[in-house]
Structures are given as C-alpha cells and as structure tokens.
Amino acid sequence: MSEPTAPEFTQLVDLAARRLGGGVLAANDELFAERENLVKDDEPAYSTYTFGPKGQIYDGWETRRRREPGYDWAVVRLGVPGVVRGVIVDTAFFKGNYPPEVSVEGVGVEGYPAPAELEGLPWFPLVPRSPVDGDRRNPFVVVDVERRVTHVRVCMYPDGGIARLRVHGEPVPDPRLLSAGAVDLAALENGGDVTACSNMFYSSPRNLISPGQARLMGEGWETARRRDDSNDFVEFGLAGPGVVRLAELDTSYFVGNAPGWASLRGRAAGGSGSDSEDGAWVELLPKIRLQPDTRHRFRLRTDEQVAHVRLDVYPDGGMARVRLWGELAAAGRDALAARFFDLLPAEHARAILTDGSDLGAEQAAELVAARPLDRGQDLPAALRAALA
C-alpha cells in the first residue's frame, strides 16, 4: 500500500519535536516499547529478529494486549506551544499490532504541571476518534480549533503501537517570556519562522532557527551546488517587528561546503519576496567573508525596525544556525500579546488575568468574553499589566 501525498500542514513546525523540547510526560502502559519514542526526531527504524525479554523491539510506543474494557493513552508536552493545524499518527512497522482507532486531544495550561495535575483539566478534541491503518503515516487535519495548545493526549482504541506522533502547527509564544532586552527575534520557539527559501536540497532551513547548537552537519541547512551566477537565500519572519542588534551566522560542521560570503537585509511587515508591497529591503550586514566551521558574531549598527530578515549566502553552501538578537518594538510586543491572549483557552486566559493581579474574577471574565481583541486599538491596561 503506497503512502498518501504529504498534506500541506506538514510544511508547518512539528510543535512536539524532541529537538524543540517536546517530551512524553506519561502513558498508562508501555510494556513492549517506551513512550519516549513517540517524539524522536529521526524516522522510525526496524531490525528483524531484534528480540528483548518482552519480544520484538519496536522503535515506537507499544502497549500490552488489553484484556479488559478501556483504552491506552500517552500525554505529550509540546516543545513549542501553538495552534495545531494537523497531526500525523505514524504506525510505521506496526502491522499486526497497530491500534484500529485513535483520537488526539489538546489542552492549554500555565507553567509546567506534573502528569497528575493534567488529569482533571478541560481537554478538547483535536482529532476525533478515527480509524488508522498499520505501517503508514496517518494524517489528520485539525479543523476550527483556534486555541493555544501546550499538551496533547493521544489515545489508542483499545491498544497497540504507534511509532511517531507529529503535531504540526503555528507557534504562539508567551509574551511574558520575551522580556525587554536581547531576544532572538528569529527563533522558532519565540514565534519566528522561515517565509521563503531558494533551495533546501539537503536539509530544511528551519534547522537554522531551531533551539540549541547543531551537533552535526545534518542538523543545519544545506543547498545543492550552484552552477549559475546567482546565489541562495533564506527569508525569516521575525517574532514581531523589532531592531536587530547582533547577528550570529554559525557554519559549525560545514567544512568544505560553507558559504564563502553572506549578507543580511531587513524589511518592515509584509509578504515575502524582494521589493514587496511594503518597500525595498534595507541593508543590515554588508556582504562579508565567512570561515568554515565557525560561529561568526556581528554587531549590526542600525536602528531600522524590521519584521523580516533575508540571509543571502554566496554562492551556495550550508549553515548550522542563525541567531538575530535584538529588541521587540512596542507595537511588536502588543501584537504578540494580543494574539497570545486571543488564542488561549478560556480557563487559561482567566487564570493569567487573576493570578497575582488586582483584577477581579468578574473583570477577567469580561475581558475573556470580549475576545478577539480589536487589533487596531491599544491593549487594555489590565491585560498589558498581566502580560508584562
């Protein structure tokens, strides 16, 4: 049976990915294979006749055969909270032991609750109970769930094995964690993303703005070899409009295939592409020589407020990470705060407004009920104070 064409939502960030900090907090059963495998970054693998004390070893999460009513479940903490647009339930190599049906629920909560503290919370459906096939990626589009999710719970009916769980969506950063001062405005976990790329032959440009340092060349971005007179580029949409003060261009592990030179340009809000409707790009870093296998750091002597940054590499090659440190503009912070507040589940929004503030429950309920906020107006003072 052939694999279906990858749905469009798989182009979005996997919010549950281990490399972004995702983890499996709990599962009711993992007798045959550990729950932690669900969010591993690499694709599932299989080796014939690799038996352990409990049977064939699977690269996934597998429960024992259920002999009583009920179902099995696992709770995943997203590495980057956000709005979920689609889920992949990958049953690779599970052929006679996959679950006939699955469901996925979400919840948005404050802080870092223990598994037991999640049990009584108001989980909401992302994927209703649905049939799945064995040994394949089963895609599910998430429809009309405009809420910020911090945890998901996958349920198997009645039991079985799942190799990987991919939770694709749009990051929604907490503006309280983007305090005044230096912020990596391009980072995935802060709400940055890739908006355009000339070439991603070997690896994804999103690796450039992923957390942590690259551990090998394959964890960066690398293009095919150019045979013309042009050059490769990546465009980043920043977490919000701001001023970039320091750029880090890291070519670690790229020894014979690092770019020879690079430059940075910025532009105010608008669509991707050169000279778009919001005007031309402005220079942030002139074309400068790069060294292989080196973390380069450059001070940017500009006060331009930009919402998009374009990295040009000459003529081609690979890079491990890009960091764009700076300050969010006031308008950028307000836009982030408004989007964050609008997408919170109602219980989470009320908790934020009343926790540690003088705002009463009635006032908090009125603010929550008034969502979505009017983006053309200033944030309510009580909300700005709560999200400061």
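Everything here concerns the structure above.
Not measured: the values here are computed from a predicted model.

Rules behind the numbers
Residues numbered from 1 in each chain as written. Predicted model: local features only at pLDDT ≥ 70, side-chain atom pairs only at ≥ 80, totals over all residues. Heavy atoms only, no water. Helix = DSSP H or I, 4+ residues; strand = E, 2+ residues; numbered from the N terminus. Rg over C-alpha atoms; globule rule 2.2 N^0.38 Å. Buried < 20%, exposed > 50% of the residue type's maximum accessible area, 1.4 Å probe, protein only. Axes fitted to C-alpha atoms, helices over the stretch in contact; angles between N-to-C directions. Parallel < 35°, antiparallel > 145°, perpendicular 65-115°, else oblique. Left-handed = near helix turned anticlockwise from the far one by under 90°. Contact = heavy atoms within 4.5 Å. Nonpolar A, V, L, I, M, F, W, Y, C, P; charged D, E, K, R; others polar. Salt bridge = Lys/Arg side-chain N within 4 Å of Asp/Glu carboxyl O. Phe/Tyr/Trp six-rings, centres within 6.5 Å; stacked < 30°, edge-to-face > 60°.

Draft legend 1. Seen up close, the overall build of the protein chain. Scanning the protein chain from terminus to terminus reveals 5 helices and 22 strands. A compact globule built from 388 residues would reach a C-alpha radius of gyration of about 21 Å, and the protein chain, at 23 Å, matches this within 12%. Dimensions along the principal axes, computed over C-alpha positions, put the protein chain at roughly 65 × 60 × 30 Å. Sorting the 388 residues of the protein chain into buried and exposed places 51% on the buried side.

Draft legend 2. Broad picture of the packing of helix 3 (residues 346-354) against helix 4 (residues 361-369). Where helix 3 meets helix 4, the axes come as close as 9 Å, and the angle between the chain directions of the two elements is 135°. Our classification of the angle between helix 3 and helix 4 gives oblique. The element helix 3 and its partner helix 4 pack so that their crossing is right-handed. Between helix 3 and helix 4, the residues in contact are Ala 346, Ala 349, Arg 350, Leu 353 and Thr 354 and Ala 361, Ala 364, Ala 365, Leu 367 and Val 368, respectively. Looking at the contact of helix 3 with helix 4 residue by residue, the class counts come to 8 nonpolar, 1 polar and 1 charged.

Draft legend 3. Focus on the pattern of salt bridges. Evaluation of the coordinates by the stated rule reveals 30 salt bridges. For Arg 206, the salt bridge is made with Asp 193, and the minimal N-O distance between the two is 2.7 Å. Pair noted here: Arg 206 is in the loop between strand 14 (193-197) and strand 15 (221-222) and Asp 193 is in strand 14, with a separation of 13 residues, a long-range link. A salt bridge links Arg 215 to Glu 219; its shortest N-O distance comes to 2.5 Å.

Draft legend 4. Broad picture of the packing of aromatic side chains. Evaluated as defined, the whole model comprises 2 aromatic pairs. Ring centres 5.2 Å apart and planes at 45° place the aromatic pair Tyr 71 and Tyr 157 in the tilted group. A residue pair is termed long-range when its members are at least 10 positions apart, and Tyr 71 in the loop between strand 5 (61-62) and strand 6 (72-90) and Tyr 157 in strand 10 (residues 149-157) qualify at 86 residues. Aromatic side chains Phe 201 and Tyr 202 sit 4.8 Å apart centroid to centroid with 85° between the ring planes, which places their arrangement in the edge-to-face category. Summarising the burial analysis for this pair, Phe 201 and Tyr 202 share the class exposed.

Just distances and angles here, no functional claims.
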